[in-house]
Amino acid sequence: MPSPPQGLPRRRSPAAATALLPRLRAAAGPASPRRVLLQSMALVLTSGLSSSHPSLASRLLNSLLPHIPARNLPALLRLLPRDHLTLLLLSSAKSHHRARTLPAAGALHALAVASGHLPSDLRLANSLLSLYLSLGSPGSARRLLADIPHPDTVTWNTLLRACLRMGLLPAARRLFDEMPERDLVSYNSMLAGYAAEGDMDGARELFDEMPERDVVTSNSMLAGYTRHGDMESAKKMFDAMPARDVVSWNSMLDGYAQAGDIKMARMIFDGMPRRSIVSWNVVLALYAKLKDWRECLRLFDAMMAVGENIPNEKTFVSVLTACSYLGDLERGKWVHGLVCERWERLVPDVLLLTALLTMYAKCGDMGVAKEIFDSMSERSVASWNSMIIGYGLHGHSEKALELFMEMERNGPHPNETTFICILSSCAHGGLVLEGWWCFDRMVRFYNIEPKAEHFGCMMDLLGRAGLLRDSEKLIKNLQAKVSPALWGALISASRTQDSYKLGEFVGNKLIEMKPTEFSSYVLLSNIYAAEGRWDDVEKVRKVMKEKVVEKDVGTSLVGSSDPHPVAKDGFSLQQNSVMLSMLSEMGVRVKQPSEV
């Protein structure tokens with residue numbers, strides 16, 4: 001048990017209180033509401049009111065105490081009254097941030113012992129026990145617990161919640177089984193622990209044996225089911241609930257959103273009797289994830305029109321993302337204004353600031369984007385990527401390259417997306433040598449395996465510079481690193497750049513890697529058809545018929561609500577693809593003016 005601090009005065013001297021007054025004023029700062037509060041507290045302490053009217057002084061000080069900065073607490077502990085209410089207020093859960101250090105908690109414990117409140121005051125003991133456990137000091141908690149003569153259910157529940165918070169589910173269950181008495185809080189805590197660990201069988205077993213339940217009980221079960229994607233069980237639980245609150249509805253909404261079930265998520269959202277900011281954030285994030293930017297903004301407008309919920313960081317991230325992809329700079333500026341209005345209430349984390357600078361970067365206002373970027377005390381890889389691609393998209397490829405080099409010096413390690421951004425920027429600016437340097441650095445220095453997007457950027461870079469032959473060399477030199485899926489992507493890229501020679505090379509490579517796949521032959525046939533090389537088209541068809549594994553009779557959904565069988569040779573789907581490409585090419589030729 002902590003001993004009372006050395007030199008703790010039995011009486012609060014007026015001189016000590018007077019000496020504290022300038023420090024309280026300095027802590028408050030000029031012209032702030034907190035200054036008035038601190039001056040009021042100093043007035044009570046220096047006026048002698050605490051001696052002549054201790055009960056009144058205690059009430060006044062306790063009403064002011066929650067507003068006092070935590071850094072002033074050690075000095076105030078020597079001057080504040082040592083009554084039950086003051087000590088309880090300082091050690092309570094709502095004030096844990098005021099005694100957020102172990103020495104401060106020890107000082108409170110010592111004051112409680114010195115003033116005679118412990119160990120008899122069980123409420124104060126439980127509050128201090130919770131404080132020690134929240135600070136991660138089970139040793140101090142154990143010493144305090146040893147001095148409590150008759151622990152009650154609150155004491156046991158405090159220990160139970162601490163075990164669960166530390167992830168000690170088996171230990172929590174042993175403690176739960178040993179409890180002399182259990183109340184609804186005990187059962188709900190244990191149930192939430194099972195759900196958090198994903199043990200829904202254990203949670204269900206406990207749920208069934210509970211003598212009483214409330215909405216918190218059902219919400220814990222709902223959260224467990226939705227967190228692990230069991231929406232069928234979640235819906236059964238939700239439908240069976242005798243009463244639901246906004247947390248219940250939000251759990252279902254979030255569960256369907258995580259599952260990507262937009263229809264059910266929207267049905268839950270539209271049916272909610274009351275919505276919290278969490279409800280709006282979930283549905284806004286869902287539409288942003290689905291890239292339905294306009295619906296995301298429409299819902300945000302509806303939320304602002306209702307006016308019942310104040311947007312927070314998560315709200316603004318979804319809305320700014322939508323503005324970015326729509327290029328809606330005016331609306332983005334309006335949202336930026338809302339962010340500034342609510343700045344004091346927000347937690348402006350790196351995600352929000354990155355969303356803000358990304359909006360300006362994608363909308364072309366690189367000046368404001370750079371101001372936000374420079375103001376960030378912490379920058380994520382996404383922050384750097386947004387600035388790099390922003391410069392590249394808007395004709396500042398050299399700045400993009402400079403920023404990339406600065407990122408290598410002072411920022412986080414570049415990732416795959418970073419190199420897509422810088423290679424794309426080099427392509428837009430025609431920086432061929434710089435692009436090759438970045439590509440080589442990605443492969444050799446960072447050991448990042450090139451993906452389809454990286455090859456696409458390099459082909460775009462070389463194609464714009466009229467170096468398609470170098471594109472072919474690039475592919476040939478990296479054949480060992482290229483997957484079949486990437487070859488398919490490269491065929492598409494070669495066709496969009498009218499590089500049929502490269503497309504033929506890639507098509508043949510695909511057939512070589514997977515000779516029994518229909519798609520490889522169809523892609524190559526389409527390339528030959530687009531060039532009018534009908535003899536080669538016929539050769540591909542013959543080779544395909546010889547090498548492709550026969551398929552069972554298939555079905556087609558084209559032009560009908562019901563499947564219907566197709567030709568039995570297992571070849572008609574591919575024939576149709578070739579025929580459609582030929583007809584398409586013939587249509588283009590027919591529309592061209594005669595050369596006569």
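Residues numbered from 1 in each chain as written. Predicted model: local features only at pLDDT ≥ 70, side-chain atom pairs only at ≥ 80, totals over all residues. Heavy atoms only, no water.

1. Some words on the overall build of the protein chain
Stated precisely, the cut-off is as follows: For helices the rule is a DSSP run of H or I covering at least 4 residues; for strands it is a run of E covering at least 2, with both sets numbered from the N terminus onward. Burial status follows relative accessibility: with a 1.4 Å probe on protein chains alone, a residue under 20% of its type maximum counts as buried, one over 50% as exposed, and anything between as partly exposed. Only heavy atoms enter the contact rule, under which two residues are in contact if any of them lie within 4.5 Å. For the area figures, the Shrake-Rupley method with a 1.4 Å probe applies, and any residue is considered shielded solely by the protein chains shown.
Secondary structure summary: the protein chain contains 34 helices and two strands in total. Counting across all 596 residues of the protein chain, residues that qualify as buried make up 45%. Sequence separation of at least 24 residues holds for 60% of the intrachain contacts in the protein chain that already meet a minimum separation of 6. Carbon and sulfur atoms provide 54% of the accessible area of the protein chain, an area that totals close to 30,900 Å².

2. Some words on the UniProt feature "repeat: PPR" (unreviewed entry) in the protein chain
Operational definition: UniProt positions are given in the numbering used here, feature names are shortened, and annotations may be inferred rather than shown by experiment.
According to UniProt, the feature "repeat: PPR" (unreviewed entry) maps to residues 152-182, 183-217, 245-279 and 380-414 in the numbering used here. End C-alpha to end C-alpha, residues 152-182 measures 10 Å, and it is 74% helix and 0% strand. In residues 183-217, the share of helix is 77% and the share of strand is 0%. The end C-alpha atoms are 12 Å apart.

3. Structural notes on the pattern of salt bridges
For clarity, the cut-off: By salt bridge we mean one thing: a side-chain nitrogen of Lys or Arg within 4 Å of a carboxyl oxygen of Asp or Glu.
Applying the stated criterion across every chain, the model contains 16 salt bridges. Note that Asp-208 is salt-bridged to Arg-204, the shortest N-O span being 3.2 Å. A residue pair is termed a helical-turn pair when its members lie 3 or 4 positions apart in one helix, as Asp-208 and Arg-204 do in helix α13 (residues 200-209) at four residues. Residue classification places Asp-208 among the partly exposed positions, given a relative accessible area of 46%. Taking the relative accessible area as the measure of exposure, Arg-204 reaches 34% and is therefore partly exposed. For Lys-236, the salt bridge is made with Glu-232, and the minimal N-O distance between the two is 4.0 Å. Residue Lys-236 and its partner Glu-232 are located together in helix α15 (residues 231-240), separated by four residues, close to a single helical turn.

4. Things to note about the packing of helix α22 (residues 350-362) against helix α23 (residues 366-375)
We apply this condition: An axis is simply a line fitted to the C-alpha atoms; with a helix, the fit covers only the stretch in contact. Between two such axes, the angle follows the N-to-C directions and lies from 0 to 180 degrees. Oblique is the label for every angle not falling under 35 degrees (roughly parallel), over 145 degrees (roughly antiparallel), or within 65 to 115 degrees (roughly perpendicular). Helix crossings get a hand from a simple test, with the near helix turned counterclockwise from the far one by less than a right angle marking a left-handed crossing and a clockwise turn marking a right-handed one. Polarity classes work like this: nonpolar for Ala, Val, Leu, Ile, Met, Phe, Trp, Tyr, Cys and Pro, charged for Asp, Glu, Lys and Arg, and polar for all others, with Gly in that last group.
Contact geometry of α22 with α23 gives a least axis separation of 7 Å together with a crossing angle of 160°. Taken together, the axes of α22 and α23 are roughly antiparallel relative to one another. The interaxial crossing formed by α22 with α23 has left-handed handedness. Between α22 and α23, the residues in contact are Leu-353, Leu-356, Leu-357, Tyr-360 and Ala-361 and Met-366, Val-368, Ala-369, Ile-372 and Phe-373, respectively. Grouping the constituent residues of the contact of α22 with α23 by class yields ten nonpolar, no polar and no charged.

5. Some thoughts on the environment of Leu-299
Position of Leu-299 relative to the elements: it lies in helix α19 (residues 293-306). The class for Leu-299 is buried, based on a relative accessible area of 3%. Measuring from C-alpha to C-alpha, the distance between Leu-299 and Trp-280 comes to 8.2 Å, with 19 residues separating the pair along the chain.

6. Looking at a negative patch on the surface
Which entries qualify depends on this criterion: For patches, a residue must show more than 30% relative accessible area and have no salt bridge; joins then use 9 Å for like charges and 5 Å for nonpolar side chains, namely Val, Leu, Ile, Met, Phe, Trp and Tyr. Charge counting follows a simple rule: Lys and Arg are positive, Asp and Glu are negative, and His as well as the terminal groups are ignored. A single reference atom marks each charge: NZ on Lys, CZ on Arg, CG on Asp, CD on Glu.
A cluster of acidic residues, Glu-197, Asp-199, Asp-201, Glu-205 and Glu-209, forms a negative patch at the surface. Here the element with the most residues in the negative patch is α13; it accounts for three residues. Summarising the element assignment, Glu-205 is placed in helix α13. A residue is classified by how much of its surface remains accessible, and Glu-205, at 54% relative accessible area, is exposed.

7. Description of the packing of helix α20 (residues 313-326) against α22
How two helices sit against one another is set out by the angle between their axes and by the gap between those axes. The N-to-C vectors of α20 and α22 enclose an angle of 15°; their axes lie 9 Å apart at closest approach. Taken together, the axis directions place α20 and α22 in an arrangement best described as roughly parallel. Note on packing geometry: the crossing formed by α20 with α22 is left-handed. Residue-level inspection shows Glu-313, Phe-316, Val-317, Leu-320, Cys-323, Ser-324 and Tyr-325 of α20 in contact with α22, the latter providing Leu-351, Leu-352, Ala-355, Leu-356, Thr-358, Met-359 and Lys-362.

8. Points about the confidence of the model for the protein chain
Going by this rule: Here pLDDT means the predictor's own confidence in every residue, given as a number from 0 to 100.
Looking at the protein chain, the pLDDT average stands at 77 and 66% of residues meet or exceed 70. Low pLDDT, under 50, characterises residues 95-99; the stretch is placed with 21 contacts to residues that sit more than four places away or in other chains. Below a pLDDT of 50 lies the segment residues 549-596, which in the model reaches 47 contacts outside its immediate sequence neighbourhood of four places, other chains included.

9. Comments concerning the packing of aromatic side chains
Defined as follows: Aromatic pairing here means that ring centres of Phe, Tyr or Trp (its six-membered ring) are within 6.5 Å. Orientation follows from the plane angle: under 30 degrees is stacked, over 60 is edge-to-face, and everything else is tilted. Definition used: whenever NZ (Lys) or CZ (Arg) falls within 6 Å of the ring centre and also within 35 degrees of the ring normal, the charge is taken to sit over that ring.
The final tally for this structure, using the stated rule, is eleven aromatic pairs. Seen in terms of ring centroids, Phe-176 and Tyr-187 are 5.2 Å apart; in terms of plane orientation they differ by 80°. Their pairing is edge-to-face. Of this pair, Phe-176 sits in helix α11 (residues 169-178) while Tyr-187 sits in helix α12 (residues 184-197), placing them eleven residues apart in sequence. With a relative accessible area of 10%, Tyr-187 lands in the buried category. Between Phe-373 and Trp-384 the ring centres are 5.0 Å apart and the planes differ by 85°, which places this aromatic pair in the edge-to-face class. Here Phe-373 is found in helix α23, whereas its partner Trp-384 is found in helix α24 (residues 381-393), with eleven residues between them in sequence. Trp-384 carries the same exposure label as Phe-373, and that label is buried. Clustering of aromatic rings is evident, with ring pairs tying together Phe-404, Phe-419, Trp-437, Phe-445 and Tyr-446. One residue, Arg-182, lies across the ring of Phe-176, its end atom 4.5 Å from the ring centre. In this structure, Arg-441 packs its charged tip against the face of Phe-445, placed 4.2 Å from the ring centre.

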